[in-house]
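One-letter residues, chain by chain:
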Amino acid sequence: MKKAFLPFVYKDSLILILGTMPGEKSLELGEYYGNKGNQFWRLIFTIFNLPLEHEYSKKINLLKEHRIAIWDVLEYCEREGSLDSNIRNEKANDFENFYHNYPNIKHVLFSSKNAEKYYLKYIGKRLDLNYDTLPSPSGANATKNFEEKLDEWKKKILPLIMND
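## Let's talk about the pairing of strand β7 (residues 130-133)
Item 1. Every second residue of β7 is oriented toward a common face, the buried set being Y131 and T133 and the non-buried set N130 and D132.
Item 2. Regarding topology, helix α5 (residues 113-122) serves as the crossover connection from strand β6 (residues 107-110) to the parallel β7, and that connection is right-handed.

Shown next as structure tokens:
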């Protein structure tokens with residue numbers, strides 16, 4: 001069984017970006033989006049016109065500064081390798097308590113269609129939250145290049161930050 005991380009979240013977090021389950025490299029490093037082939041951090045830093053930092057605490061501080069929380073839909077699962085298509089015997093995280101403890105979360109962004117799929121299967125959408133799906137930052141997602149992903153991430157994230 002592979003166990004996901006606790007959420008990175010603060011009482012004033014406004015946006016929640018949800019992945020499916022940390023990949024092998026992330027689990028090994030104990031860091032969200034730890035695989036260098038994953039473009040998550042490059043996308044986040046580029047959105048805010050900042051050079052990419054490699055120190056994990058600086059990455060996390062950037063999210064905190066912009067009231068962005070990150071977590072995964074699944075609490076644990078069986079999976080060989082890092083592909084979502086290999087997930088078996090999964091269990092979702094406790095979102096009811098999460099939303100109760102962090103009532104400032106107003107926007108949920110899925111970092112992939114698979115994250116959205118598992119969320120809808122186990123949790124379902126709430127009327128008091130806004131939802132959207134981002135193109136996956138995974139290196140395995142070759143349907144869009146970095147610039148195309150960046151354009152969509154900017155269009156979906158920046159207005160949420162600017163308006164609140």
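Back to the text.
## A closer look at the pairing of β6
Item 1. Side chains H107 and L109 project from β6 onto one buried face, and the interleaved V108 and F110 project onto a second face that is buried too.
Item 2. Across 4 bridges, strand β2 (residues 15-19) lies against β6 in parallel orientation. Residue L16 lies in a different strand from β6, and its bridge partner there is V108.
Item 3. Pairing of β6 with β7 involves 4 bridges; the strand directions are parallel. Counterpart to H107 in the pairing with β7 is N130.

## Focus on the packing of aromatic side chains
Item 1. Following the criterion strictly, the structure yields 17 aromatic pairs and no others.
Item 2. Ring centres of F95 and Y119 lie 5.3 Å apart, and the angle between their planes is 80°; on these two criteria the pair is classed as edge-to-face. One end of the pair, F95, is in helix α4 (residues 95-101); the other, Y119, is in helix α5, with 24 residues separating them in the sequence. The pair formed by F95 and Y119 is uniform in burial state, with each residue classed as buried.
Item 3. Plain terms: the ring middles of Y119 and Y131 are 5.7 Å apart, the flat faces sit at 55° to each other, and that makes the pair tilted. Of this pair, Y119 sits in helix α5 while Y131 sits in strand β7, placing them 12 residues apart in sequence. An identical accessibility class is assigned to Y119 and Y131; each is buried.
Item 4. Ring pairs connect the aromatic residues W71, F95, F98, Y99, Y102, F110, Y119 and Y131, which therefore count as one cluster.
Item 5. Lying across the ring of Y10, K64 places its NZ or CZ 4.5 Å from the centre.

## Considering the layout of surface pockets
Item 1. Quantified by volume, the second largest pocket comes out at close to 290 Å³.
Item 2. What lines the second largest pocket is a set of 15 residues, and nearest its centre among them are G34, N35, K36, H54 and K59.
Item 3. Looking at the lining of the second largest pocket, the elements that each hand over two or more residues are α1 (24-29) and α2 (40-47).
Item 4. Of the residues contributing to the lining of the second largest pocket, the split by class is 4 nonpolar, 5 polar and 6 charged.

## Quick notes on unusual backbone geometry
Item 1. Backbone geometry at N49 places phi at a positive 55°, although glycine is not the residue there.
Item 2. One non-glycine residue with positive phi stands out, namely R67, at about 60°.
Item 3. Note on placement: R67 falls in the loop between α3 (56-65) and β3 (68-72).

Here is what the cut-offs are and how they apply
Residues numbered from 1 in each chain as written. Predicted model: local features only at pLDDT ≥ 70, side-chain atom pairs only at ≥ 80, totals over all residues. Heavy atoms only, no water. Buried < 20%, exposed > 50% of the residue type's maximum accessible area, 1.4 Å probe, protein only. Helix = DSSP H or I, 4+ residues; strand = E, 2+ residues; numbered from the N terminus. Right-handed = clockwise from strand over helix to strand, strands pointing away. Pairing = 2+ DSSP bridges. Phe/Tyr/Trp six-rings, centres within 6.5 Å; stacked < 30°, edge-to-face > 60°. Lys NZ or Arg CZ within 6 Å of the ring centre and 35° of its normal. 1 Å grid on protein atoms, 1.4 Å probe; cavity = no way out; pocket = protein on both sides within 12 Å on 5 of 7 lines; lining within 4 Å. Points joined across faces, edges and corners; volume = space filled by probe spheres on them. Nonpolar A, V, L, I, M, F, W, Y, C, P; charged D, E, K, R; others polar.

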